[in-house]
Amino acid sequence: MILVTGANGFVGHKILEMRKDAIASPSLRGGTQEDIKRMIDASDADVIIHTAAISDIGTCQADPQASYFANVQIPVYLAKASKDRKLICFSSDQVYSGCDEEGPYSEDTVKPGNIYAEHKLEMEQRVLDILPNAVMLRAEWMYDYYLQRSNYFMSIIDAKESVSFSSRQYRGVTYLKEVAENMEKVTALPGGAYNFGSETTKSMYEITREFIELLGKKLKVEDTQARHNLWMNCDKARKYGVEFSDVTDGLAKCAKDYKMTQGCFMKNN
């Protein structure tokens, strides 16, 4: 049995949708160590996938205390309560946001560039100290056809005249369906931190131009100032069978799944 936290969130809802052996945890907001231990014990789950977080960078900058509780303290409570269970925590590619190197980044090169990233990196380190068999997934910007949360895919679908991306910024973006499909293999990973998502050698400007052409949309792509690179080398997870489409192929797959090519925007049921 798999227990999923953040079940109403972007990642959690997809895992629950695709995994018949998954159940949703109650909200962890304001939870104590005792509350979380009781919840885990009552679930009889042997795997816990922790997706709940405050992931908005601006919100974390504005309220570091709330960010710390959600992004560090709650995962620490989960680690202490998990004992012999497999704990999988979603971390973030933002742990590379302050790196001086151009990338792509491997797991041993980290430098947070904001409060959210600092808290995610501390979470990884503290959870692994408590539970060395835990798995930390440094996830990329994920997308899906999902109306309740802004993401890369929807920003292109909904755009009317133009979008802006840099020809000098490189980062991965990942189809959420492939995240959920990989979770079975993730449960078998040895403990540690793993880069997790689609890889690319193309800039966000190139990726976006190709995606717009695939969709058949008349949309201008403006080249903006370079932002920090957030692309990753995912060889470590791949050695254990965790595979993703590359960024361009993943976007094509998502568009096909929802019949969104050449202006035909109808979900494929």
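It should be emphasised that the depicted structure is a prediction, and the values quoted were computed from it without experimental measurement. (Residues numbered from 1 in each chain as written. Predicted model: local features only at pLDDT ≥ 70, side-chain atom pairs only at ≥ 80, totals over all residues. Heavy atoms only, no water.)

S.K.: I'm lost on the nonpolar core in this one. Help?
M.R.: The nonpolar side chains of a soluble globular protein tend to be buried, and buried together. Core analysis: the largest hydrophobic core is formed by 26 residues, its most contacted members being Phe-90, Met-183, Val-186 and Phe-196. Among the nonpolar cores identified, the runner-up in size contains 24 residues, and Ala-159, Tyr-175, Leu-219 and Val-221 belong to it. (Core = buried A, V, L, I, M, F, W, Y, C linked by side-chain atoms within 4.5 Å. Buried < 20%, exposed > 50% of the residue type's maximum accessible area, 1.4 Å probe, protein only.)

S.K.: Please clarify how the layout of surface pockets should be interpreted in this entry.
M.R.: Over the atoms, a rolled probe matching the size of one water molecule traces out where space is still vacant. Its volume calculated, the largest pocket comes out at about 1400 Å³. Ile-54, Ser-55, Asp-56, Tyr-116 and Arg-149 are, among the 50 residues lining the largest pocket, the residues nearest its centre. Those elements that provide at least two residues to the lining of the largest pocket are α1 (10–18), α4 (64–82), β4 (86–92), α5 (115–130), β6 (141–143) and β7 (162–165). Taken together, the residues of the lining of the largest pocket break down into 20 nonpolar, 22 polar and eight charged. (1 Å grid on protein atoms, 1.4 Å probe; cavity = no way out; pocket = protein on both sides within 12 Å on 5 of 7 lines; lining within 4 Å. Points joined across faces, edges and corners; volume = space filled by probe spheres on them. Helix = DSSP H or I, 4+ residues; strand = E, 2+ residues; numbered from the N terminus. Nonpolar A, V, L, I, M, F, W, Y, C, P; charged D, E, K, R; others polar.)

S.K.: Please explain helix α9 (residues 204–215) as it appears in this structure.
M.R.: Quick reminder: α-helices carry 3.6 residues per turn. Residues three or four places apart thus point the same way. Taking 1.5 Å as the rise per residue, α9 with twelve residues should run 16 Å; its terminal C-alpha atoms sit 16 Å apart, in good agreement. Those residues of α9 lying buried are Met-204, Tyr-205, Ile-207, Thr-208, Phe-211, Ile-212 and Leu-215. Taken end-on, α9 shows its buried residues confined to a sector of 160°, consistent with a single buried face. Positioned one or two residues after α9, Gly-216 has a phi angle of 75°, which is positive. (Expected span 1.5 Å × (residues − 1). Arc of directions from axis to C-beta.)

S.K.: Would you mind showing me how to read the sheet that holds strand β9 (residues 192–196) here?
M.R.: Two strands in a sheet stick together by hydrogen bonds in their backbones, pointing the same way (parallel) or opposite ways (antiparallel). The six strands lie next to each other as β2-β1-β3-β4-β5-β9, forming an open sheet whose pairing is parallel. Looking at strand neighbours, the two that pair on one side only are β2 (22–24) and β9, the edges of this open sheet. Within the sheet, the average angular offset between the axes of one strand and its neighbour, ignoring direction, is 25°. Here β4 pairs with strand β5 (residues 135–139) via five bridges, running parallel. By the bridge assignment for β5, Cys-89 is matched with Met-136. (Pairing = 2+ DSSP bridges. Axes fitted to C-alpha atoms, helices over the stretch in contact; angles between N-to-C directions.)

S.K.: Can you help me understand the side chain of Asn-229 in this one?
M.R.: Topologically, Asn-229 is positioned in the loop between β10 (220–223) and α10 (235–238). Judged by relative accessible area, which is 6%, Asn-229 ranks as buried. There is a polar contact of 2.8 Å between the side chain of Asn-229 and the backbone nitrogen of Tyr-170. (Polar contact = N/O pair within 3.5 Å; in protein donor to acceptor, adjacent residues only side chain to side chain.)

S.K.: So what exactly am I meant to see when it comes to the packing of helix α2 (residues 33–43) against α4 here?
M.R.: To describe two helices that pack against each other, one gives the angle between their axes and the distance between the axes. Between α2 and α4, the shortest axis-to-axis distance is 9 Å and the interhelical angle comes to 50°. Classified by the interaxial angle, the pair formed by α2 and α4 is oblique. With respect to the hand of their crossing, α2 and α4 are arranged in right-handed fashion. Contacts between α2 and α4 pair Gln-33, Ile-36, Lys-37 and Ile-40 from the former with Ile-74, Val-76, Tyr-77, Leu-78, Lys-80, Ala-81 and Ser-82 from the latter. Looking at the contact of α2 with α4 residue by residue, the classes come out as seven nonpolar, two polar and two charged. (Parallel < 35°, antiparallel > 145°, perpendicular 65-115°, else oblique. Left-handed = near helix turned anticlockwise from the far one by under 90°. Contact = heavy atoms within 4.5 Å.)

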